[in-house]
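Single-letter residue listing:
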Amino acid sequence: MMNPWRHIDRPARGARIGALRAATLSAVGAGMVFWFAALAAAGQSGEASSSPEAPAAGTLPRIRVAADGRTFETVEGRPFVPLGVTYYRPGTGWAPQVWKQFDAEATRADFARMKHLGVNCVRVFLSFGSFLTQPDALDPGGLAKFDQFLEIAESAGVYVHPTGPYHWEGLPEWARGDHIANPRVLGALERFWELLAARYRGRTVILAYDLRNEPEVAWDTPPMRDGWNRWLAARYGSRDAQAAAWGVAVETIGWGRQSPPDPRGGAAGALADYQSYREEVADEWTRRQVAAIRRADPEALATVGLIQWSVPALLPGVRHYAAFRPERQAKLLDFLEIHFYPLADGFYEYASQEAEDRNLAYLESVVREAAAPGKPVVIGEFGWYGGGRLTIGGDHPAATEAQQARWCRQVVETTRGWACGWLNWGFYDQPEARDVSQLTGLVTADGTTKAWGEEFRGLAAEWSARRIPPPPAVVRPALDWRRATIDLDAGRQFREEYLRAFLDQRAGQRAGD
């Protein structure tokens, strides 16, 4: 999950996080294992019996992109709509120690509970600390735990969507710094995916591989500078040609040693070129890892969990454009995955209809851009807080479970057709978190189903055997992509125009009802 307060919520920046009561968390964790074990044992009776019978291990059908090119289906041709969560457990710290504190029996009970609520797909982070401590080999201990995890998921009839490698459990020295442009790290990632995909070739419980959570191309690192100067030399061939293209004096060009432009006020031509260069860096990063997966398992699906800054409709700053442009990435991936949180006007606090409208319009604009290349789109992270007050810094008002459930359902309803799958951020509320993960779960930290969990179960029942219909025909303004990556006013103007079109259409629908 991205940290929205890093750029958006200025009053919260630097705020100290209150100390959490470890004894309380330990008591919660101790009770959950017993409670969920009882639930799993009772799965043959009571309301849990309404869930479809879980297939035996090894019998989950492979999921593929459907013939329509925008949804998923099983190899038998039955529609499949990914409806799930990112998985981590409370009581394991923040960031959660998913693998270093892996508890197979607690995880088995969690899967029984998730299945009961309609979850059919679980996204889980693989970590450097448990899977890739060395750049040329997979860690046997991490693999053994992941083997157990897959068996548990398969027995429950739930697909697994591995994401990684990620920093949650620590980074080895060789993997620190630039994760995208550093050739040594990229080579290690290629090796990681080739080994992992070869090990699990034919394991149909794996829905797809997600290369990484929310990658962003860095602005200024030694590998980025080296590549930038090679890029300029290939593009322009001479200092004079570069100066003419940028509309600057020749003597200002550092030919062969050109620094990245100032993101707060560099020349427009230089900024546009640098954003194009960053997109090429992102493309190469994705291309090489997908090729590694394909070499090991040609049938495996691959995607990347894109941060919403990958669509420059709203950027905290020019440098925060992630450079993973959906139009370009779609050519390399089987489907697109985009993350979204309601930050259209700062930190969303359920305060007004206007704030809700702005965020829904912004949401639709982001997902429509991700869907424009014509491949399936999954909202790989979404959600917001409900069921109490956050303790993350700032003075955010408490939100009810009903407010959370209403917002999350609207995310699905607003994007249905452009998106064909939705993964909530977190199964549990996570009291130890330092962001909204504290209250974004389908269930509380002690396992009580929240209003959003019940709503989710209804959505899962509604779409479990249906194909997502095409999106509605709507008229919306076009995003001037390149201008929006170098001028924040372009994004603001686009969002205002988009909001007007969004509200006009909704008013027209109401008038016709």
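Whatever comes next refers back to the structure up there.
Student: A description of the overall build of the protein should follow, citing residues and the corresponding values.
Tutor: For the protein, the helix and strand inventory stands at 14 helices and eleven strands. When burial is assessed residue by residue, the protein has 57% of its 513 residues classed as buried. Taking as baseline every contact in the protein between residues at least 6 positions apart, the subset at least 24 positions apart corresponds to 78%. Per element, the accessible surface of the protein, about 20000 Å² overall, is 50% carbon and sulfur.

Student: Before we move on, could you go through the packing of helix α6 (residues 222-236) against helix α7 (residues 239-246) and cite the residues and values that matter?
Tutor: At their nearest, the axes of α6 and α7 sit 9 Å apart, and the two run at 90° to each other. On the basis of their axis angle, the class for α6 and α7 is roughly perpendicular. Contacts from W228, L232 and Y236 of α6 reach α7 at A241, Q242, A245 and W246. Of the residues assigned to the contact of α6 with α7, the class counts are six nonpolar, one polar and no charged.

Student: If you had to explain the nonpolar core to someone new, which residues and values would you point to?
Tutor: Membership of the largest hydrophobic core comes to 160 residues, with the highest contact counts inside it found for F146, F149 and W384. For this core, the element with the most residues is helix α8 (residues 268-296), which contributes eleven residues.

Student: Can you explain the pairing of strand β8 (residues 302-306)? Please cite residues and give values.
Tutor: Of all the five residues making up β8, five are buried; the element is thus mostly covered by neighbouring parts of the structure. The two faces of β8 match: A302, V304 and L306 on one face and T303 and G305 on the other face are all buried. With three bridges joining them, strand β7 (residues 209-213) and β8 adopt parallel strand pairing. Residue D210 lies in a different strand from β8, and its bridge partner there is T303. Strand direction decides the pairing type here: β8 and strand β9 (residues 336-339), joined by two bridges, are parallel. Directly across from G305, in β9, lies its bridge partner E337.

Parameters and conventions
Residues numbered from 1 in each chain as written. Predicted model: local features only at pLDDT ≥ 70, side-chain atom pairs only at ≥ 80, totals over all residues. Heavy atoms only, no water. Helix = DSSP H or I, 4+ residues; strand = E, 2+ residues; numbered from the N terminus. Buried < 20%, exposed > 50% of the residue type's maximum accessible area, 1.4 Å probe, protein only. Contact = heavy atoms within 4.5 Å. Areas by Shrake-Rupley, 256 points an atom, 1.4 Å probe, with all protein chains shown as cover. Axes fitted to C-alpha atoms, helices over the stretch in contact; angles between N-to-C directions. Parallel < 35°, antiparallel > 145°, perpendicular 65-115°, else oblique. Nonpolar A, V, L, I, M, F, W, Y, C, P; charged D, E, K, R; others polar. Core = buried A, V, L, I, M, F, W, Y, C linked by side-chain atoms within 4.5 Å. Pairing = 2+ DSSP bridges.

Honestly, it's all geometry; don't read function into it.
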